[in-house]
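Now for the letters of each chain:
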Amino acid sequence: QAQLVESGGGLVQAGGSLRLSCAASGRTFSNYAMAWFRQAPGKEREFVAAVRWSGATTIYADSLKGRFTISRDNAKSTVYLQMNRLKPEDTVVYYCAARPFTLNRSSYFREAEYDYWGQGTQVTVSS
């Protein structure tokens with residue numbers, strides 16, 4: 001059974017950095033895209049970024065491009081989210097997700113398109 005496990009969340013001061021990790025196991029994700037979403041209490045999940053396992057294709061939410069970087073290490077079956085210049089409004093739960101790769105760019109932004117989800121990791125940015 002496929003499993004995604006996030007780690008790396010925690011408390012950081014505004015302006016600081018964190019790197020989240022998502023370890024994938026239980027199936028072959030070679031033709032999948034991996035993504036990060038985030039969710040604040042009482043709000044819908046928001047797309048952050050996506051990357052294709054077997055290629056360099058990346059997609060970012062426009063509002064986060066430039067501060068956040070998604071990458072993957074195929075040898076470790078792990079996807080990362082490097083977050084820089086963190087702001088208090090980045091204080092939310094971050095989720096890792098997986099879906100089959102597609103050229104339909106707009107579909108990456110919809111959480112319903114994803115087959116697998118991790119349990120989430122909390123990031124707290126203090127002002």
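Residues numbered from 1 in each chain as written. Predicted model: local features only at pLDDT ≥ 70, side-chain atom pairs only at ≥ 80, totals over all residues. Heavy atoms only, no water.

A. Region of interest: the nonpolar core. If you look at the biggest cluster of nonpolar residues, it comprises 40 residues, and the most contacted ones within it are Phe29, Met34, Trp36, Phe47, Leu81, Met83 and Tyr94. Counting only elements with at least two residues in this core, the list comes to strand S3 (18–25), strand S4 (32–39), strand S5 (46–52), strand S6 (58–60), strand S7 (68–73), strand S8 (78–83), strand S9 (92–100) and strand S11 (121–126). The greatest single-element share of this core, amounting to 6 residues, is contributed by S4. Leave out the neighbours within four places in its chain, and Phe29 touches Ala2, Leu4, Ala24, Met34, Trp53, Ala98 and Tyr116. (Core = buried A, V, L, I, M, F, W, Y, C linked by side-chain atoms within 4.5 Å. Buried < 20%, exposed > 50% of the residue type's maximum accessible area, 1.4 Å probe, protein only. Helix = DSSP H or I, 4+ residues; strand = E, 2+ residues; numbered from the N terminus. Contact = heavy atoms within 4.5 Å.)

B. Spotlight on the packing of aromatic side chains. Using the criterion set out here, one finds 9 aromatic pairs in the structure. Their ring planes at 80 degrees and their centres at 6.5 Å tell us that Tyr95 and Trp117 sit as a pair that is edge-to-face. One end of the pair, Tyr95, is in strand S9; the other, Trp117, is in strand S10 (residues 116–117), and 22 residues separate them in sequence. Residue classification places Tyr95 among the buried positions, given a relative accessible area of 13%. By way of ring pairs, the aromatic residues Phe37, Phe47, Tyr95, Phe109, Tyr114 and Trp117 are connected into one cluster. The ring of Tyr80 has Arg19 lying over it, and the distance from NZ or CZ to the ring centre is 4.1 Å. Between Arg45 and the ring centre of Tyr95, over which it is positioned, the NZ or CZ distance is 3.9 Å. (Phe/Tyr/Trp six-rings, centres within 6.5 Å; stacked < 30°, edge-to-face > 60°. Lys NZ or Arg CZ within 6 Å of the ring centre and 35° of its normal.)

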